[in-house]
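# Structural features, examined
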Amino acid sequence: MNRHLHSCRKHPDMRVATWNINSLRLRLDHLRRLAQQEGPDVICLQEIKVEDGLFPLSDLHAMGYPHVRFHGMKGYNGVAILSKLPFKMLDPLDWCAKGDCRHARVVLGGDVELHNFYVPAGGDIPDPKANVKFAHKLQFLDEMQQYFAGGAKAGNSTKGKAIMVGDLNIAPLEDDVWSHKQLLSVVSHTPIEVAKLNAIQAAGKWVDAVRQVTPAPTKLFSWWSYRSPDWTKNDRGRRLDHVWVTPALSKRVRHANILKDMRGWTQPSDHVAVIVDLD
C-alpha cells in the first residue's frame, strides 16, 4: 500500500502506529521521520533498549508527543506509548514474573484501553524442553490468553473498546510469511505458536485490523532478517507486528498500512511500522 494515499484522505480521528524500533536512542531520527511523515496520534514502541533514567523524554515532547508512558531496562526489551492525546496511566502487568518490561497499557479518551506488547522472540529451537527461551514464549502467550479471557474480572476492558498492538513475534497466517511450508518448523510460525496466538485472539474477541483491510491471500510482512545481505532480493519477510481491535472498534477501522520503505532507511530496524486509522 502506498504511503502517498494518506495525502488524499482527511486525517482520521485517531491514527495508531506500532513499531519495534530496536533501540530508541539509536533511531531517534527515524522516529522523528516517522512522526513527521505519517503524523500518528499514538505511537507504540517495542524493544526501546533504554533504562528509565536515560529515557529521552524531552526529545519525544519536542516531536509533538506530550503524553508518554514507558517501561524500560538497560540493554534490551522495553516498551513505550507516545501520544498526542491525553491518557490515563495503568500499571503494567509482570508477565511470567520476570520483570522484563514487555507491556504498557493506558486508557485513551472515550474509555479506549490500549495495550502495547513485546512478546518474547523465543530463540531458534521450537522445543520448550531444549530451549528455555521458547518455553518462556509459550508461557507468556498462555498468560496473555488467560488475562484476556478474564475480561472485566481481570481488570481489562476488552469486552468494550480496546486496542492491542505490538511485536507479537508470531506470523499466524500462511500469507504472513514468505514460505509457509519452509517456515512451519521455524520459531514464529510453528503450529503451537499460531494456535496460542489464535487462542488469545478468541479470548479477547480481537479483530486483526490489518487483515480486515487487506485480507489474505495478499502477502503482508513487517519484518525482514538482518541476516539477509539484500532483504529486497527475495522479500523473505514475516508479519510479526500486529494491531488488533475489539468488535466495538472494528467498524471504525478505515485504513491500514505497513510502511515497508522503512526497512530501506539507513541503519534500519529489522521491523517496520504498522499504522491503522480509526474514525
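For the structure itself, look to the data block above.
Residues numbered from 1 in each chain as written. Predicted model: local features only at pLDDT ≥ 70, side-chain atom pairs only at ≥ 80, totals over all residues. Heavy atoms only, no water.

### Describing the sheet that holds strand 12 (residues 241–245)
The strands making up a sheet are joined through hydrogen bonds of the backbone, oriented either antiparallel or parallel. On the basis of which strands lie adjacent, the open sheet formed by 6 strands has the order 5-6-7-8-12-9 and mixed pairing. The two strands at the open ends of the sheet, each matched to only one other strand, are strand 5 (87–90) and strand 9 (207–208). Where strand 9 and strand 12 come together, 2 bridges link them in antiparallel fashion. In the strand pairing of strand 12, Val207 is matched with Val245. (Pairing = 2+ DSSP bridges. Helix = DSSP H or I, 4+ residues; strand = E, 2+ residues; numbered from the N terminus.)

### A word on the packing of aromatic side chains
Under the definition given, this model contains 11 aromatic pairs. Both rings, one in Trp95 and one in Phe140, keep their centres 5.5 Å apart while their planes meet at 35°; by these two values the pair is tilted. With a gap of 45 residues between them, Trp95 in the loop between strand 5 and strand 6 (103–108) and Phe140 in helix 3 (residues 132–149) connect regions that are remote in the sequence. With a relative accessible area of 0%, Phe140 lands in the buried category. Judged by centre distance (6.1 Å) and plane angle (70°), the rings of Phe117 and Phe148 are edge-to-face. Taken together, the residues Phe117 in strand 7 (residues 112–118) and Phe148 in helix 3 connect sequence positions 31 residues apart. (Phe/Tyr/Trp six-rings, centres within 6.5 Å; stacked < 30°, edge-to-face > 60°. Buried < 20%, exposed > 50% of the residue type's maximum accessible area, 1.4 Å probe, protein only.)

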